[in-house]
Amino acid sequence: MRALRRWTAALVMIAGLAMLALLLWGWIRRNPQDVPWAPLDLGQPVGLFTGRKLTALTQDKAQCLALLDRAGIRYTALPPRSAGDQCGYDDAVRLADGGVRSIGYRPATLGISCPVAASLALWEWNVVQPAARELLGAEVVAIDHLGSYNCRRINGRSGGDWSEHARANAVDIAGFRLSDGRQIRVVRDWRDKGAVGQFLHRVRDGACDLFATTLSPDYNAAHADHFHLDQAYRGAMGWRACR
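Since the structure is predicted, the reported quantities are computational estimates derived from the model, not experimental observations.

A. View of the overall build of the chain. Helix and strand counts for the chain stand at six helices and 12 strands. Put simply, the chain has 243 residues, and 44% of those count as buried. Look at the contacts in the chain between residues 6 or more apart in sequence, and 58% of them connect residues 24 or more apart. Taken as a whole, the chain presents about 12,800 Å² of accessible surface, with 56% of it coming from carbon and sulfur.

B. Main features of helix 6 (residues 195-208). A rise of 1.5 Å per residue sets the reference length of helix 6, with its 14 residues, at 20 Å; its end C-alpha atoms lie 20 Å apart and thus fit the reference within 8%. All buried positions along helix 6 are accounted for by Gly197, Phe199, Leu200, Val203, Arg204, Gly206, Ala207 and Cys208.

C. Spotlight on the state of the cysteines. According to the stated counting rule, one finds three disulfides in the structure shown. The disulfide partner of Cys64 is Cys114, and the S-S distance across this bridge is 2.1 Å. Across the S-S bond of Cys64 and Cys114 the torsion is about -100°, and the bridge reads as left-handed. Linking Cys64 in helix 3 (residues 61-71) with Cys114 in helix 4 (residues 114-136), this pair joins segments that are 50 residues apart in sequence. The buried category is assigned to Cys64, whose relative accessible area is 1%. With relative accessibility at 1%, the residue Cys114 sits in the buried group. Linked covalently through their sulfurs, Cys87 and Cys151 form a disulfide whose S-S length is 1.9 Å. What sets the handedness of the Cys87 and Cys151 disulfide is the S-S torsion sign, and at about 80° it is right-handed. Here Cys87, found in strand 3 (residues 87-89), pairs with Cys151, found in the loop between strand 7 (140-145) and strand 8 (170-178); they are 64 residues apart in sequence, far enough to count as distant. The connectivity of the disulfide bonds within the chain can be written as 1-3, 2-4, 5-6, using the sequence rank of each bonded cysteine.

D. Region of interest: the nonpolar core. Counting 47 residues, the largest nonpolar core has Trp123, Phe176 and Phe199 as its most contacted members. Of all elements in the fold, only helix 3, strand 4 (92-95), helix 4, strand 7, strand 8, helix 6 and strand 11 (227-230) reach the threshold of two or more residues within this core. With near-sequence residues (within four places) excluded, Trp123 lies in contact with Val128, Ile143, Ile173, Phe176, Val203, Gly206, Ala207, Leu210 and Leu229.

E. A look at the packing of aromatic side chains. According to the stated counting rule, one finds four aromatic pairs in the structure shown. Both rings, one in Trp190 and one in Phe227, keep their centres 5.6 Å apart while their planes meet at 75°; by these two values the pair is edge-to-face. Of this pair, Trp190 sits in the loop between helix 5 (186-189) and helix 6 while Phe227 sits in strand 11, and the two are 37 residues apart along the sequence. Grouping residues by exposure puts Trp190 and Phe227 together as buried. Put simply, the rings of Trp123, Phe176 and Phe199 touch in pairs and so form one group of aromatic residues. The lysine or arginine in question, Arg234, covers the ring of Trp239, its NZ or CZ lying 3.7 Å from the ring centre.

F. Focus on the sheet that holds strand 6 (residues 112-113). Pairing in this open sheet of three strands is antiparallel, and the strands run 1-4-6 from one edge to the other. In the strand order of this sheet, the two ends are held by strand 1 (75-77) and strand 6, each with one partner. Pairing of strand 1 with strand 4, which is carried by three bridges, proceeds in the antiparallel orientation. Counterpart to Thr76 in the pairing with strand 4 is Arg94.

G. Representation of the environment of Gln44 within the structure. Its location among the elements puts Gln44 in the loop between helix 1 (2-30) and helix 2 (50-56). With relative accessibility at 28%, the residue Gln44 sits in the partly exposed group. For Gln44, the contacting residues outside a window of four places in its chain are Pro32 and Gln33.

H. Molecular detail of the pattern of salt bridges. According to the stated counting rule, one finds 10 salt bridges in the structure shown. Across the pair Arg133 and Glu139 runs a salt bridge, and its minimum N-O distance is 2.9 Å. The exposure class assigned to Arg133 is partly exposed, which follows from its relative accessible area of 46%. Using a relative accessible area of 33% as the deciding quantity, one classes Glu139 as partly exposed. One salt bridge in this structure joins Asp189 and Arg188, with 3.1 Å as the shortest N-O distance. Looking at Arg188, the relative accessible area reads 53%, which means it is exposed. Ionic contacts of the salt-bridge type, sharing partners, join the residues Asp144, Arg177 and Arg185 into one network.

Cut-off values and rules
Residues numbered from 1 in each chain as written. Predicted model: local features only at pLDDT ≥ 70, side-chain atom pairs only at ≥ 80, totals over all residues. Heavy atoms only, no water. Helix = DSSP H or I, 4+ residues; strand = E, 2+ residues; numbered from the N terminus. Buried < 20%, exposed > 50% of the residue type's maximum accessible area, 1.4 Å probe, protein only. Contact = heavy atoms within 4.5 Å. Areas by Shrake-Rupley, 256 points an atom, 1.4 Å probe, with all protein chains shown as cover. Expected span 1.5 Å × (residues − 1). Disulfide = S-S within 2.5 Å. Core = buried A, V, L, I, M, F, W, Y, C linked by side-chain atoms within 4.5 Å. Phe/Tyr/Trp six-rings, centres within 6.5 Å; stacked < 30°, edge-to-face > 60°. Lys NZ or Arg CZ within 6 Å of the ring centre and 35° of its normal. Pairing = 2+ DSSP bridges. Salt bridge = Lys/Arg side-chain N within 4 Å of Asp/Glu carboxyl O.

As structure tokens, this is what we get:
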């Protein structure tokens, strides 16, 4: 009898573990964006590991471009650029109007690394437009920026680490233009107590889930007029910044 009880308990435990395994397998299939080893799909919702997967694209240009193509994101690949050992790029694109994206960039000549382009698309779909519709009752039709590529060090210093701008792996966002004609400016509206301020804070917070580095006016005076968004690669489990 004692041996039978042990076998019965073992069978119950095995059945329980099998049930848990089935539930886990089903959850993984429904939520691949929350699984670190699942391939990135730009059509999936933002998950726990989406940001790290986007940053990892800095190490795989071919995969990044393939993801843009698969998602239906229109772009023009820019010719490689070299300016010394620390500056230049070979994976930059210029987003084109139309396709699955509805937000343009002003000036329209923005050239950014492929991982930043993929991240901006997800930011538009999952963060910017939903926040604009909910909080402002309008849609964002254009984003004003202060540029991307700039062969310089962080904060323009003469020494120290090189900025992600030196490889077009960063973009500075200055404001948003709405479908009803309103214009939102980071420098003017960041401390607004109403819906406009809530919108700016929400899109900043949402960027933190997608970019390796997100800096806003809360960081320092140098970012009083823009959001700095970049995909700095700091290793598979490297630190991420959100301020």
